[in-house]
Amino acid sequence: MANIQEWLITYGIKVLGAVVILLLGLWTAKILTSLLRRVMTARCIEPTLVSFCGNLAQTVLVIFVIIAALSNLGFETTSLIAVLGAAGLAIGLALQASLSNLAAGVMILMFRPFKAGDYIEGAGVAGEVDGLHLFTTRLKTPDHKIIYVPNGKLMNDNITNFSRQPQRRMDLIVGISYSADLALAKEVLWEILRADPRVLPEPTPRVAVFALADSSVNLAVRPWIRQEDYWNFYFDIWEAIKLRFDAAGIGIPFPQRDVHLHQVPAAKERAA
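Residues numbered from 1 in each chain as written. Predicted model: local features only at pLDDT ≥ 70, side-chain atom pairs only at ≥ 80, totals over all residues. Heavy atoms only, no water.

Caption draft 1: Layout of the sheet that holds strand β5 (residues 160-161). On the basis of which strands lie adjacent, the open sheet formed by five strands has the order β4-β3-β2-β1-β5 and antiparallel pairing. The outermost strands of the open sheet, each flanked by one partner alone, are β4 (146-150) and β5. As judged from the four bridges shared by strand β2 (residues 125-132) and strand β3 (residues 136-140), these two strands associate in the antiparallel manner. By the bridge assignment for β3, G131 is matched with R138. (Pairing = 2+ DSSP bridges. Helix = DSSP H or I, 4+ residues; strand = E, 2+ residues; numbered from the N terminus.)

Caption draft 2: Molecular detail of the side chain of N161. The topology assignment puts N161 in strand β5. A polar contact is formed between the side chain of N161 and the side chain of D118, at a distance of 3.1 Å. Among the polar contacts made by the side chain of N161, one reaches the main-chain amide nitrogen of S163 at a distance of 2.9 Å. In contact with N161, not counting residues within four places along its chain, are P113, F114, D118, Y119 and I120. (Polar contact = N/O pair within 3.5 Å; in protein donor to acceptor, adjacent residues only side chain to side chain. Contact = heavy atoms within 4.5 Å.)

Caption draft 3: Inspection of the sheet that holds strand β9 (residues 217-222) at higher detail. Sheet architecture is open: three strands sit in the order β7-β9-β8, paired in antiparallel fashion. What marks the edges here is a single partner per strand, and that holds for β7 (172-176) and β8 (206-212). Between one strand axis and the next, the sheet turns through 30° on average, direction left out of account. Examined bridge by bridge, β7 and β9 share five bridges and lie antiparallel to one another. Looking at β9, one finds that G175 is bridged to N218. Contacting β7, β8 and β9, helix α6 (residues 182-195) runs over the sheet at an angle of about 20° to β9. (Axes fitted to C-alpha atoms, helices over the stretch in contact; angles between N-to-C directions.)

Caption draft 4: Structural view of a nonpolar patch on the surface. On the surface, Y178, L182, V209 and L212 cluster together into a nonpolar patch covering about 390 Å² of accessible area. Considering the arrangement of structural elements, one finds L212 in strand β8. (Patch = residues over 30% accessible without salt bridge, like charges linked within 9 Å, V, L, I, M, F, W, Y side chains within 5 Å. Areas by Shrake-Rupley, 256 points an atom, 1.4 Å probe, with all protein chains shown as cover. Salt bridge = Lys/Arg side-chain N within 4 Å of Asp/Glu carboxyl O.)

Caption draft 5: The nonpolar core, seen in detail. Among the nonpolar cores identified, the biggest contains 22 residues, and I176 and F245 are the most heavily contacted of them. Counting only elements with at least two residues in this core, the list comes to β7, α6, β9 and α7 (230-248). For F245, the contacting residues outside a window of four places in its chain are V174, I176, A185, V188, L189, I250 and I252. Ranked by size, the runner-up nonpolar core spans twelve residues in total, among them I108, L109, V129 and L139. (Core = buried A, V, L, I, M, F, W, Y, C linked by side-chain atoms within 4.5 Å. Buried < 20%, exposed > 50% of the residue type's maximum accessible area, 1.4 Å probe, protein only.)

Caption draft 6: Region of the structure containing the pattern of salt bridges. Throughout the structure, instances matching the rule amount to twelve salt bridges. Between D130 and R138 there is a salt bridge whose closest N-O contact spans 2.9 Å. In this structure, R244 engages E191 in a salt bridge whose closest nitrogen and oxygen atoms are separated by 2.4 Å. One end of the pair, R244, is in helix α7; the other, E191, is in helix α6, with 53 residues separating them in the sequence. Residue E191 is classed as partly exposed on the basis of its relative accessible area, which comes to 31%. Salt bridges sharing common partners tie together R169, D171 and R222.

Caption draft 7: Representation of α7 within the structure. End to end, α7 covers 26 Å across 19 residues, agreeing with the expected 27 Å (1.5 Å per residue, within 8%). Buried within α7 are the following residues: Y230, F233, I237, I241 and F245. On an axial view of α7, the arc spanned by its buried residues comes to 85°, and they lie on one face. For α7, the exposed residues lying more than 90 degrees away from the buried face are F235, E239, L243 and A247. Positive backbone phi, approximately 75°, marks G249, located one or two places after α7. (Expected span 1.5 Å × (residues − 1). Arc of directions from axis to C-beta.)

This is the structure:
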């Protein structure tokens, strides 16, 4: 009976200590995780990254608390840690591609080459960023198709962000016939740009001869437009150019070839 009481007292104290360690550890983990999230939110870090780091930190802290509680009960935690390490290695090898996308997702959230709402091009696709996730980035095309791009593939490719700057230059090539009045064509283009309030005065727009092509004189038209006006202006200016050129009698050529026929005398005529 005395041995049983001694055993109950000994192990009862250990169980009580383990419970105290577990409760205090979980409470501390919750406080520290909440503090980490508040600090990251105050620094304007991406909400998805805040959630991921908070969940990761809480998981790691809870594991340490559980190991500490088991150690207080007398369990051999060294072998448990070895088992967890082996299991983690096996899972990591099995999910190598997914972990690569996860790491790339964290890098995207940390370095922020783009954000939700930006129009980007990368990994062979283009679209508006509709969502940032840890494993994939969701893009929405102008015709409302949804594309899920693995973060690893996106980070390993060049990323072009069309929305990062508030202004964007439009590069247009307008061809006129060689017989057209070059000075008049340039003046008409300048009038179109000056008449449209969407064209920004700074940086200064440019209208210049770009190339003497096979069938046309190509003019470069380079106005600066706000991001939100880009595509509406793009469609409108081509219509304006066609109408104004028609009114001014400026021809817009199409590819053509001049064929010259040479008459060869007949064999009898050559012999005579």
